[in-house]
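The residues making up each chain are set out below.
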Amino acid sequence: DDNMFSNVFCENSKKLINVRLFALAAKYYSLSSFGVCTRLEDVLEALRGDNQGTTGIKTDEFMNNKKSHEVQVMSELIDNIANYCGIKQVIDIGSGKGYLSSFLSMQYNLKVYGIDSSNSNTNGAHERNRKLKKHWRAYQSRGRANLKSQRLEKANDRPGENEVKCNAIIEKPLNYDSSLQSQDQGTIQDLVPSCGFTEVATSETSKQTEVDLVARTQSDESKLSEEVLAILNVLPADAVEVFSSSQCNCGELCEEEKAQRKMASLKAKASKSSESNLYFPLTSCITAETELSDIITDLEDCMMVGLHTCGDLAANTLRIFTAKPEIKAVCSVGCCYHLLSEQFENQEECPEEEWGFPMCQYLKDEGWCCGRNARMSACLALERVAVGQMLPTESLFYRAVLQVIIEEIYGVTKSDRHVGKIFSKSSSFIDYVRKSLKKLELDDSKLPDSCIMDYYEKYKHRMNELEAFNMLKVVLAPCIELLILLDRLCYLKEQDNIAWSGLVKLFDPVKSPRCYAVIALKKQSCF
């Protein structure tokens with residue numbers, strides 16, 4: 001009953017008078033309570049049908065915990081959508097350094113174009129692939145050495161049993177090339193742990209001569225070479241280099257083994273030359289008017305994805321999806337709501353411009369506006385605060401007092417410049433103010449240290465008040481996020497070519513506060 005929240009604010013002064021009701025109202029009008037989200041498990045079940053997913057590469061050895069969690073969960077969903085729609089091409093908007101893109105290509109054998117406006121991010125993606133290639137070579141060499149030493153050790157430790165069985169169970173990514181599926185799995189000890197391949201080895205050793213042991217080791221090394229060559233097809237082509245036969249001392253090989261190795265090598269090279277890459281980092285600024293065919297020359301039926309697309313990029317991703325017939329599905333997780341452009345924020349009439357908010361016709365007709373302060377609040381992380389990860393009260397206090405100084409001493413009320421993350425680099429409040437003024441290109445020589453400290457002392461007693469105010473903003477954050485995300489969902493519901501659209505909670509909000517994805521699939525007639 002909405003009437004129960006009518007006493008949150010004073011009717012005359014409009015001031016907050018009941019904090020408890022304020023918190024309850026904020027919880028009621030949040031995504032977690034509003035009943036508009038579709039469960040991730042339900043979406044995956046509907047997409048898979050009778051097919052069950054498998055576990056493959058793990059990411060926690062080459063990504064931080066937050067990124068690993070995001071990439072693993074989102075990539076599984078993307079793969080299921082791609083399979084459902086029968087597509088193999090993915091466009092990753094705002095791809096950054098390519099964490100999601102490279103994982104989609106490695107784990108699911110999808111052809112991914114990662115588009116980012118920053119050259120440094122694109123270069124970072126190339127550099128990351130270069131490092132992956134370097135680690136691949138190192139682990140490949142170490143695997144051959146460990147294979148030989150392990151067999152010698154086990155033969156000495158357990159000489160009384162009758163036969164040797166050494167099977168490596170390698171968790172295989174989905175959608176392996178049929179040639180890879182049909183190959184026997186050889187023994188691969190310690191295979192590329194940086195990429196997350198894992199294996200379980202079991203062995204029973206028998207009494208045998210050292211000559212037999214060496215012969216078996218040589219045979220297994222040959223199988224190792226073939227297995228590695230096959231797995232290369234799963235990785236981005238520019239992430240690895242196929243090692244030549246001269247790089248491996250595998251002893252004398254029989255003609256059949258030589259032929260097998262030659263065929264595997266030729267196949268790998270042919271695959272590399274024909275497909276070139278599975279992951280292509282590109283640099284381009286994406287807007288609602290962007291023609292993807294100008295950026296991607298071999299554009300085909302595909303889906304568009306975005307992991308924490310910043311500001312208007314999330315809105316433009318949805319606009320491009322609805323406008324381009326080649327894009328059959330979209331999965332977008334937005335962030336940085338404070339950077340959204342708003343049509344009615346400054347009461348400017350620009351009907352032809354595409355704004356970040358609002359998107360849906362209903363809110364446009366209402367002339368709805370959030371404002372920057374509300375959008376800033378939407379970026380706060382209630383779930384993190386709830387588990388004890390408190391707000392940085394002191395740095396917020398520094399920033400608030402700095403604003404008073406700038407307004408009263410310099411007469412500046414609005415600026416396009418930003419202070420940025422100076423607090424952690426400052427030794428004191430005086431140091432913070434002076435560094436901030438220099439960054440804002442304001443003359444700090446007219447401001448003595450004593451004046452700076454006078455401002456600090458004047459407002460120090462209000463630090464608790466500031467903390468309480470920011471806690472109220474944190475409580476309100478999910479309500480504002482709900483408004484922004486519902487606007488995007490309603491925009492999709494207004495389109496005639498959409499078969500299904502929904503909001504899905506993908507991530508643990510403590511690990512990744514911006515955890516909701518906007519997902520949509522086009523009608524079959526649009527395929």
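Attention here is on the structure that accompanies the text. (Residues numbered from 1 in each chain as written. Predicted model: local features only at pLDDT ≥ 70, side-chain atom pairs only at ≥ 80, totals over all residues. Heavy atoms only, no water.)

## Details of helix 5 (residues 99–108)
Since there are 3.6 residues in each turn of an α-helix, residues three or four apart along the chain are aligned in direction. Stated precisely, the cut-off is as follows: Note on classification: 1.4 Å probe, protein chains only; a residue is buried when its accessible area is under 20% of the maximum for its type, exposed when over 50%, partly exposed between these limits. Runs of H or I in DSSP of at least four residues are treated as helices and runs of E of at least two as strands, each being numbered from the N terminus.
The buried count for helix 5 comes to nine of 10 residues, which makes it a mostly enclosed element. Every buried residue of helix 5 is listed here: Leu100, Ser101, Ser102, Phe103, Leu104, Ser105, Met106, Gln107 and Tyr108. Residue asparagine 109 follows helix 5 closely and has a positive phi angle near 60°.

## Description of the pattern of salt bridges
The test is simple: Basic side-chain nitrogens of Lys or Arg form a salt bridge, by our definition, when they fall within 4 Å of a carboxyl oxygen of Asp or Glu.
Scanning all chains against the criterion turns up 18 salt bridges. Between lysine 111 and aspartate 298 there is a salt bridge, and its shortest N-O distance comes to 2.7 Å. Note that lysine 111 is positioned in strand 3 (residues 111–116) and aspartate 298 in the loop between helix 10 (292–295) and strand 7 (302–310), a separation of 187 residues in sequence. Since its relative accessible area comes to 24%, lysine 111 is described here as partly exposed. On the accessibility criterion, aspartate 298 (26% relative accessible area) is partly exposed. Each of Arg39, Glu41 and Asp42 takes part in a single network of salt bridges with overlapping partners.

## Here's the deal with the side chain of serine 377
As a reminder, the rule being used: A 3.5 Å cut-off defines polar contacts: any pair of N or O atoms within that distance qualifies, except that in protein one atom must be a possible hydrogen donor and the other a possible acceptor, and neighbouring residues in sequence count only when both atoms are side-chain atoms. Any pair of residues with heavy atoms lying within 4.5 Å of one another is described as a contacting pair.
In this fold, serine 377 is placed in helix 13 (residues 372–378). A polar side-chain atom of serine 377 sits 3.0 Å from the main-chain carbonyl oxygen of asparagine 373. Among residues more than four places away in sequence, those in contact with serine 377 are Lys473, Ala477 and Ile480.

## Overview of the sheet that holds strand 7
As a reminder, the rule being used: Here, strands pair whenever DSSP counts at least two bridges between them. Structural elements are reduced to axes, namely lines fitted to C-alpha atoms, with helices fitted over the stretch in contact, and the angle between N-to-C directions of any two is expressed from 0 to 180 degrees.
Pairing within the open sheet is mixed, and its eight strands lie in the order 1-9-10-8-7-2-3-6. Among the strands making up the open sheet, the edge pair consists of strand 1 (37–38) and strand 6 (279–283). In terms of strand pairing, strand 7 meets strand 8 (residues 327–335) through eight bridges, oriented parallel. Residue pairing in the sheet places threonine 309 in a bridge with glycine 334 of strand 8. Those strands touched by helix 11 (residues 312–323) are strand 2 (89–93), strand 7, strand 8, strand 9 (498–505) and strand 10 (516–522), and its axis lies near 170° from that of strand 8.

## Some details on helix 11
Put simply, the rule reads: A helix's residues, less one, multiplied by 1.5 Å, set its expected span.
With 12 residues, helix 11 should reach 16 Å at 1.5 Å per residue; the first-to-last C-alpha distance of 16 Å fits that figure. Most of helix 11 sits out of view: 10 of its 12 residues are buried. Where helix 11 is concerned, the buried positions are Leu313, Ala314, Ala315, Asn316, Thr317, Leu318, Arg319, Ile320, Phe321 and Thr322.

## Concerning unusual backbone geometry
Following phenylalanine 357, the chain continues to proline 358 via a peptide bond in cis, the omega torsion being -5°. The residue proline 358 is located in the loop between strand 8 and helix 12 (361–366) in this model. The backbone phi angle of histidine 308 is positive, close to 60°, even though this residue is not glycine. Relative to the assigned elements, histidine 308 resides in strand 7. Assessed through its relative accessible area of 17%, histidine 308 is described here as buried.

## Quick word on the side chain of asparagine 80
As for its placement among the helices and strands, asparagine 80 is situated in helix 4 (residues 65–85). Asparagine 80 gets classed as buried once you look at its relative accessible area, which sits at 9%. For asparagine 80, the contacting residues outside a window of four places in its chain are Leu44, Leu47 and Arg48.

## Quick word on the pairing of strand 2
Within strand 2, five of the five residues are buried, leaving the element largely enclosed by the surrounding structure. Residues of strand 2 alternate between two faces, with Gln89, Ile91 and Ile93 on one and Val90 and Asp92 on the opposite face, all of them buried. For strand 2 and strand 3, the ladder comprises five bridges, and the chain directions are parallel. Bridge pairing in strand 3 links glutamine 89 to lysine 111.

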